[in-house]
Amino acid sequence: MSPLRRSARLWSGVVTAALALSLAGAGQASAADVNNAKNAGYESGLSNWTCSAGSGTTVSSPVHGGAAALKATPAGQDNAQCTQSVAVKPNSTYTLSAWVQGGYTYLGVTGTGTTDVSTWTPDSASWKQLSTTFTTGGSTTSVTVYTHGWYGQAAYFADDLSVFGPDGGGGGDPAPTIPAAPAGLAVSGTTSSSVSLAWNAVSNATGYNVYQGGTKVSSVTGASATVTGLAASTSYSFQVTATNSAGESTKSATVTGTTTATGGGGGGTLPKHAVTGYWQNFNNGATVQRISAVQSQYDIIAVSFADATGTPGGVTFNLDSAGLGGYTVDQFKADIKAKQAAGKKVIISIGGQNGTVSINDSTSATNFANSVYSLMQTYGFDGVDIDLENGLNATYMSQALRSLSSKAGSSLIITMAPQTIDMQSTSNSYFQTALNIKDILTVVNMQYYNSGSMLGCDGKVYSQGSVDFLTALACIQLQGGLAPSQVGLGLPASTSGAGSGYVSPTIVNNALDCLAKGTNCGSFKPSKTYPDLRGAMTWSTNWDASAGNAWSNSVGAHVHALP
């Protein structure tokens, strides 16, 4: 199936789910309500569950609660659907919920006798709760609940599924008990106006409340939160509680977070409007370059890529001298110094399409910071680019980058290159990381290519290849908490630079004008202008050179001429 047809089916499912939810009943749970699903935590393997085409299995990690969870892997034309028939009462309202992680995941119910409903989420690097409600018909005594993924997408995980409502008589898992207080509460990041918190998940919790100075300030479903609207250089105390349908736990231990001084963004001395280009440390058919040959329009040169080591979180760099025509390490270092003398920044990029670096705990975060700082000292890099395309852990990546910042100082450059799906919501791990380190972050250059259709900040769906796709998606970041100086537009330098999503430099320039000046917009026009917009990025300087530097000559000059 083509990506276009998949995208159409995906959004059709979203619309269907939204309509179904609007029609579903909204009855209140009673004290006698129970979880009618059997083996809801997959502790007994796949007992009571049926998964299509052998797509499902149980795993011991990751799990949301207990010792097991479902892992289901789509393949070919199979979407890895796992189902269970659940006994219910007629004319009754139920809440269907589950904790999910991994690739695209759907949760739904059929056979209700009224309106069947479903809900879904795009890929998630951490556990996230899906929830919806349904009402049974006058003669309905059983329904079929299901989870499934999406064609060609990554495996999904599910755990702690619940069909909560009147006892259908089929026998289910025990009714929930009040959860324990969360442990491990810690400050994971600060800015001049926010404090980010993280804690250990509680097995039977469905949500958490966050308290600031004893007053509840937010409710979340995952084991992390960011409290915003705080004063600079001020200390605040925080506690969290765990909740489910049975009630709320006692408060956790108290932690104190102190906001940073007013000001934001790392990056040392950069022009107000900057152009970033990725330099290829390999030969893939594009023009082979030395750093010295990179076009002068590029203000930040991201060396692609670092390599993972055998140490969790650790990275190293191996110059591909043979592939680059005998380019030596000494020449490479000298060229970096020459670019820096000309006012440019040269950074090391981590990840890429085949990146395998994982920072999932404090140890790997420390290893990452130490190894990147070592590369900065060895080669003279000005900072780091995060281009992990297989997901990241916001808590520990934030910890790693803050540790690196403490070593490198205020001149550190930190850039990020998330995919479009990563920045659709502030709840996504990439977006969370960017907000967690806002005070030391230089720029986020989202990749507006190799993408399906996405939502803009106005709630409409846009397809890649247009001014509107660039501006309406950039608007999400600008309205979601990033400073305009921390937002850039990432596009391929030529049709060879990406599988899809190339647009002419004219479209890139029009999008920059629309965001910065309110001119040359498409059908979408932002509610305000952002004259401090940072600029643009391209993959890659090599593909740009192959096309006669047409991209940098046009977009680079345009960026530097912005007001």
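Located above this text is the structure these notes cover.
Residues numbered from 1 in each chain as written. Predicted model: local features only at pLDDT ≥ 70, side-chain atom pairs only at ≥ 80, totals over all residues. Heavy atoms only, no water.

### Details of the overall build of the chain
Stage number 1. When helices and strands are tallied, the chain shows nine helices and 31 strands.
Stage number 2. The C-alpha radius of gyration of the chain comes to 25 Å, within 12% of the 24 Å expected for a compact globule of 563 residues.
Stage number 3. Taking the principal axes of its C-alpha atoms as reference, the chain extends roughly 75 × 50 × 45 Å.
Stage number 4. Evaluated residue by residue, the chain yields a buried proportion of 52% over its 563 residues.
Stage number 5. Restricting to contacts in the chain with at least 6 residues of sequence separation, those with at least 24 account for 74%.
Stage number 6. Accessible surface for the chain amounts to roughly 21100 Å². Of this, 49% is attributable to carbon and sulfur atoms.
Stage number 7. Side-chain charges in the chain split into 24 positive and 27 negative, and the spacing between the mean points of these groups amounts to 7 Å. (Helix = DSSP H or I, 4+ residues; strand = E, 2+ residues; numbered from the N terminus. Rg over C-alpha atoms; globule rule 2.2 N^0.38 Å. Buried < 20%, exposed > 50% of the residue type's maximum accessible area, 1.4 Å probe, protein only. Contact = heavy atoms within 4.5 Å. Areas by Shrake-Rupley, 256 points an atom, 1.4 Å probe, with all protein chains shown as cover. Lys, Arg positive; Asp, Glu negative; His and termini not counted. Charge placed at Lys NZ, Arg CZ, Asp CG, Glu CD.)

### Thoughts on the nonpolar core
Nonpolar side chains in soluble globular proteins tend to be buried together.
Stage number 1. By size, the foremost hydrophobic cluster in this structure holds 100 residues, and its most contacted members are Phe332 and Phe368.
Stage number 2. If you tally residues by element for this core, the top one is helix H6 (residues 467-479), at nine residues.
Stage number 3. Discounting residues that sit within four places of it in the chain, Phe332 has contacts with Trp279, Ile291, Val303, Phe317, Leu319, Tyr327, Tyr379 and Phe381.
Stage number 4. Core analysis: the second largest hydrophobic core is formed by 26 residues, Ala40, Ala80, Val117 and Leu161 among them. (Core = buried A, V, L, I, M, F, W, Y, C linked by side-chain atoms within 4.5 Å.)

### A closer look at the side chain of Ser249
Stage number 1. Relative to the assigned elements, Ser249 resides in the loop between strand S18 (247-248) and strand S19 (255-258).
Stage number 2. What Ser249 contacts, discounting residues up to four positions off in sequence, is Ile178, Pro179, Ala180, Ala181, Pro182, Thr241 and Ala242.

### Thoughts on the pattern of salt bridges
Stage number 1. Summed over the entire model, instances satisfying the criterion amount to four salt bridges.
Stage number 2. Close ionic contact of Lys517 with Asp513 constitutes a salt bridge, the shortest N to O distance being 3.5 Å. Of this pair, Lys517 and Asp513 both sit in helix H7 (residues 505-517), four residues apart, which is roughly one turn of that helix.
Stage number 3. Classification of Lys517 by relative accessible area gives partly exposed; the value is 42%.
Stage number 4. A residue is classified by how much of its surface remains accessible, and Asp513, at 4% relative accessible area, is buried. (Salt bridge = Lys/Arg side-chain N within 4 Å of Asp/Glu carboxyl O.)

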